[in-house]
Amino acid sequence: KIFQAVVSCIGGDGTIYIIPKSFETALNKLMAEIQNTFKGLGLLIPYCWKKGEACVVRGSDTVWYRAKIVEVSGSTLQVQYIDRGYIESIPQCHLYPTTFYTGIPPFCIPCQLYKTLPIGNFWQQDAVDYLQELLKNEEVEIHVEEMPDNPWGKLSISLYFGGMSLSSFMAYQKYCVAEDCQDIQKLGVFEGDLSISYLLQPLPVPGETFPVTVTHLVSPKEAYICLDSSGNSTKECNTEGAASHDSESLDKALKWCNKIVKTLPHLTDFRKELPCLAEYVDGVWYRAKVLSITQLVPVQILVQFVDYGTYLVAPTSRLRHIPCHLLKYPVQAVRVLLAGFKPASDDRNVERIPYSPEWSLKALWTMVDCVEGKRLSASILTVSPEVTISLYGDDKNLVHLKLLEMGLAELDE
């Protein structure tokens with residue numbers, strides 16, 4: 001069985017406690033009922049607590065939770081939150097004994113990684129801390145491999161985050177030995193295979209109008225666009241639907257990659273078009289490709305972020321090998337030429353675009369104002385030799401009309 005779950009906590013022994021997504025509604029309903037039943041403080045009179053006894057606990061967030069007594073030691077009790085998994089030492093005044101809700105099974109499931117042996121036969125503290133930092137409160141994919149021998153035992157699972165196997169990843173980190181590590185080669189997570197390349201985004205049929213966003217303008221005539229399925233067009237084509245799903249899945253995979261990016265090797269090969277991960281000025285790592293070496297001492301590399309079209313000159317410290325599973329998502333940004341206009345022959349603005357001097361900087365900034373943050377739509381005219389489109393604003397008029405009005409461009413029949 002395969003299902004989505006949220007990791008609620010990592011036990012001190014490396015047990016992974018998960019709450020299946022399908023349980024969330026029932027758990028929230030139970031929690032609301034508990035809050036309505038128990039109000040105020042815990043039991044303030046003396047009480048003889050017993051190990052294994054059911055109770056409710058008032059957590060540090062002032063919310064009541066189901067729990068059971070794990071250990072009794074003086075005025076402090078060690079309890080386990082049975083719907084979350086974690087164990088905590090709590091003063092007696094924050095507990096209340098109850099037989100309410102004991103007929104409802106715990107919502108969190110204790111799990112262990114299938115055919116995975118920790119170094120030293122038990123999970124070391126640094127490995128537990130790393131698992132906690134990586135997984136707590138995160139949504140993951142669970143593959144059930146083996147049922148426990150008894151109902152209170154641990155479920156044997158394979159856990160995947162962002163398309164990567166946790167067992168393989170922890171084995172790579174030298175925290176454990178995974179009996180079946182084939183998927184680490186299959187995913188190519190750390191091998192740095194240099195023959196790989198990105199998939200191209202499938203385009204809608206020429207003549208069909210579809211919503212887009214402009215992610216980067218090279219010049220008023222040349223842009224990078226993303227298919228935008230959030231547009232409220234009455235008919236969403238299959239290509240847009242697929243693009244939306246790819247984009248959401250890619251965002252999740254990149255979020256995980258940002259959590260583990262320090263474990264990925266630095267890029268040492270700078271061949272043109274080589275896929276990589278690059279750190280942008282916002283401190284976030286994105287998919288990119290190498291374009292050229294711009295400086296040798298110190299080494300500076302020109303890269304392009306393939307899902308946006310933007311460029312960056314970066315030192316090697318901000319470039320890493322890309323996990324191969326990130327290459328299964330098509331590039332989100334498509335380079336296009338805008339049809340219907342050309343630079344004005346009588347544009348007297350002195351400031352020109354250095355790499356495209358036929359255009360004035362004023363024309364570029366005017367086009368930026370026309371497309372930035374706007375709901376746009378496009379229609380493909382040709383796909384060869386280059387993708388050429390008509391681009392329309394949210395008023396359904398061609399975006400370049402503003403340039404024509406200002407004398408910054410002229411019609412190109």
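An unreviewed UniProt entry lists the protein chain under the name RING finger protein 17, with Dasyornis broadbenti as the source organism. According to its UniProt record, the protein chain has this under Subunit (unreviewed entry): "Interacts with MXD1, MXD3, MXD4, MXI1 and PIWIL1. Self-associates." The record in UniProt for the protein chain states the following under Function (unreviewed entry): "Seems to be involved in regulation of transcriptional activity of MYC. In vitro, inhibits DNA-binding activity of Mad-MAX heterodimers. Can recruit Mad transcriptional repressors (MXD1, MXD3, MXD4 and MXI1) to the cytoplasm. May be involved in spermiogenesis."

Q: When you look at unusual backbone geometry in this model, what are you seeing that I'm missing?
A: Leaving glycine out, the prevailing phi sign among residues is negative, and the prevailing peptide bond configuration is trans. Between valine 297 and the following residue, proline 298, the backbone shows a cis peptide bond with an omega angle of -15°. A cis geometry characterises the amide bond from serine 384 onward to proline 385, with omega recorded as 0°. Phi at asparagine 137 takes a positive value of approximately 65°, unusual for a residue other than glycine. Here asparagine 137 is to be found in the loop between α2 (125-135) and β10 (139-146). Even without being glycine, glutamate 273 reaches a positive phi, approximately 75°. Following the sequence through the fold, glutamate 273 ends up in the loop between α5 (238-260) and β16 (275-279).

Q: Explanation requested: the sheet that holds strand β21 (residues 334-338) in the structure shown.
A: With respect to topology, five strands assemble into a closed barrel ordered β14-β15-β21-β26-β25, the strand pairing being mixed. Strand after strand, the sheet turns through a mean of 60° between neighbouring axes, direction not considered. The sheet contact formed by strand β25 (residues 376-382) and strand β26 (residues 388-392) spans five bridges and is antiparallel. Directly across from threonine 382, in β26, lies its bridge partner threonine 388. Across the face of the sheet, helix α6 (residues 361-371) comes into contact with β14 (209-217), β21, β25 and β26 while running at roughly 135° to β14.

Q: What's the story with the packing of aromatic side chains in this structure? I'm lost.
A: Think of a pair of aromatic rings as described by two things: how far the centres are apart, and how the planes are tilted against each other in angle. Tallied over the entire structure, the rule returns 17 aromatic pairs. Aromatic side chains tyrosine 47 and tryptophan 49 sit 4.8 Å apart centroid to centroid with 70° between the ring planes, which places their arrangement in the edge-to-face category. Classification of tryptophan 49 as buried rests on a relative accessible area of 8%. Between phenylalanine 100 and tyrosine 101, the ring centres sit 5.9 Å apart and the planes meet at 80°, which makes this aromatic pair edge-to-face. An aromatic cluster is built from Phe38, Trp64, Tyr96, Phe100 and Tyr101, whose rings are joined through pairwise contacts.

Q: Just to check I follow, could you spell out the UniProt feature "domain: Tudor" (unreviewed entry) in the protein chain for this structure?
A: Mapped onto this structure's residue numbering, the UniProt feature "domain: Tudor" (unreviewed entry) falls at residues 48-105 and 269-329. Here residues 48-105 is 0% helix and 50% strand, with 25 Å between the C-alpha atoms at its ends. The span residues 269-329 is 0% helical and 48% strand by assignment, and the distance between its end C-alpha atoms comes to 23 Å.

Q: Looking at this structure, I do not really get the pattern of salt bridges. What am I missing?
A: Pairing of side chains with opposite charge becomes possible as their charged atoms draw close. Using the criterion set out here, one finds 14 salt bridges in the structure. In this structure, the salt-bridge partner of glutamate 410 is lysine 342, at a minimum N-O distance of 4.0 Å. You can see glutamate 410 sitting in strand β27 (residues 409-411) and its partner lysine 342 sitting in strand β22 (residues 341-343), a full 68 residues away along the chain. On the basis of relative accessibility, which here comes to 26%, the residue glutamate 410 falls in the partly exposed class. Measuring nitrogen to oxygen at the nearest pair gives 4.0 Å for the salt bridge that ties aspartate 347 to arginine 352. Among the charged side chains, a network of salt bridges with common partners joins Lys21, Glu24 and Glu139.

Q: Explain the sheet that holds β16 here, please?
A: Backbone-to-backbone hydrogen bonds join strands into a sheet, with any given pair of strands oriented parallel or antiparallel. Across the sheet, five strands lie side by side as β19-β18-β17-β16-β20; this open sheet has antiparallel pairing. One side of each edge strand has no neighbouring strand; the edge strands of this open sheet are β19 (311-315) and β20 (319-320). The sheet contact formed by β16 and strand β17 (residues 285-295) spans five bridges and is antiparallel. When the sheet's bridge partners are listed, glutamate 279 is paired in β17 with tryptophan 285.

Q: How should the nonpolar core be read in this particular structure?
A: Nonpolar side chains tend to gather and get buried jointly when the protein is soluble and globular. Of all hydrophobic cores here, the largest spans 46 residues; its most connected members are Leu135, Leu159, Phe161, Leu166 and Met170. The residue makeup of this core includes at least three contributed by each of domain 1 (1-49 + 94-184) and domain 3 (265-322). Among residues more than four places away in sequence, those in contact with leucine 135 are Val7, Ile10, Val140, Leu159, Leu166, Trp256 and Lys259.

Q: Is there a simple way to explain the domain arrangement of the protein chain in this structure?
A: Many structure descriptions define interface size as the accessible area lost when the parts assemble. For the protein chain, the assigned domains are domain 1 (1-49 + 94-184), domain 2 (208-230 + 333-411) and domain 3 (265-322). For domain 2 and domain 3, the distance between their C-alpha centroids amounts to 27 Å. Interface area, domain 2 with domain 3, both sides summed: about 440 Å², of which 50% is carbon and sulfur. The largest contributions to the domain 2 side of the interface with domain 3 come from His216, Tyr224 and Ala333, which together make up 73% of the buried area. If you look at where domain 2 meets domain 3, you find zero salt bridges. For the pair domain 2 and domain 3, the interface holds three residue pairs in polar contact (both at pLDDT 80 or more). Secondary-structure elements contributing two or more residues to the side of domain 2 that touches domain 3 are β14 and β15 (222-227). When the residues that make up the side of domain 2 that touches domain 3 are grouped by side-chain class, the tally is three nonpolar, two polar and no charged.

Q: It is not clear to me how the pairing of strand β18 (residues 300-305) should be interpreted in this structure. Could you clarify?
A: The side chains of a regular strand alternate, residue by residue, between the two faces of the sheet. Most of β18 sits inside the fold, with five of its six residues counted as buried. Of the strand pairs in this sheet, β17 and β18 are connected by six bridges, and their pairing is antiparallel. Counterpart to valine 290 in the pairing with β18 is valine 303. The hairpin formed by β17 and β18 contains four residues between the paired strands. In this structure, β18 lies alongside β19, joined through five bridges in antiparallel fashion. Following the sheet pairing, glutamine 300 is matched in β19 by proline 315. Here β18 hands over to β19 after five residues, with glycine 309 in that stretch at a positive phi of 90°.

Cut-offs applied
- The residue numbering used here restarts from 1 in each chain and proceeds along that chain's sequence as written.
- The model is predicted, so local features are restricted to residues of pLDDT at least 70 and side-chain atom pairs to those at 80 or more, both for listing and for counting; the totals for chains, interfaces and linings are taken over all residues.
- To get the side-chain values, all heavy atoms of the structure are used, and hydrogens and water are removed first.
- UniProt positions are given in the numbering used here, feature names are shortened, and annotations may be inferred rather than shown by experiment.
- Helix numbering and strand numbering both begin at the N terminus, where a helix is a DSSP run of H or I of at least 4 residues and a strand a DSSP run of E of at least 2.
- Two strands pair if DSSP finds at least two bridges between them.
- Here, axes are lines fitted to C-alpha atoms. For helices the fit covers the stretch in contact, and angles between N-to-C directions go from 0 to 180 degrees.
- Any two residues having at least one pair of non-hydrogen atoms within 4.5 Å are treated as being in contact.
- Two aromatic rings, drawn from Phe, Tyr or Trp (for Trp, its six-membered ring), form a pair once their centres lie within 6.5 Å of each other, and the interplanar angle then sorts them: stacked below 30 degrees, edge-to-face above 60, tilted otherwise.
- Throughout this description, buried means an accessible area under 20% of the type-specific maximum (1.4 Å probe, protein chains only), exposed means over 50%, and partly exposed covers the range between.
- Salt bridge criterion: a side-chain nitrogen from Lys or Arg within 4 Å of a carboxyl oxygen from Asp or Glu.
- As used here, the term nonpolar core means buried Ala, Val, Leu, Ile, Met, Phe, Trp, Tyr and Cys residues forming a set that is joined through side-chain atoms within 4.5 Å.
- All the domain ranges listed were derived from an automatic or database domain assignment.
- Computed with a 1.4 Å rolling probe, the buried area is the accessible surface lost when two parts are put together, summed over both parts.
- Think of a polar contact as two N or O atoms within 3.5 Å of one another; within protein, one of them needs to be a possible hydrogen donor and the other a possible acceptor, and neighboring residues in sequence only count if both atoms come from side chains.
- Under this grouping Gly is polar, as are all residues other than the nonpolar Ala, Val, Leu, Ile, Met, Phe, Trp, Tyr, Cys and Pro and the charged Asp, Glu, Lys and Arg.

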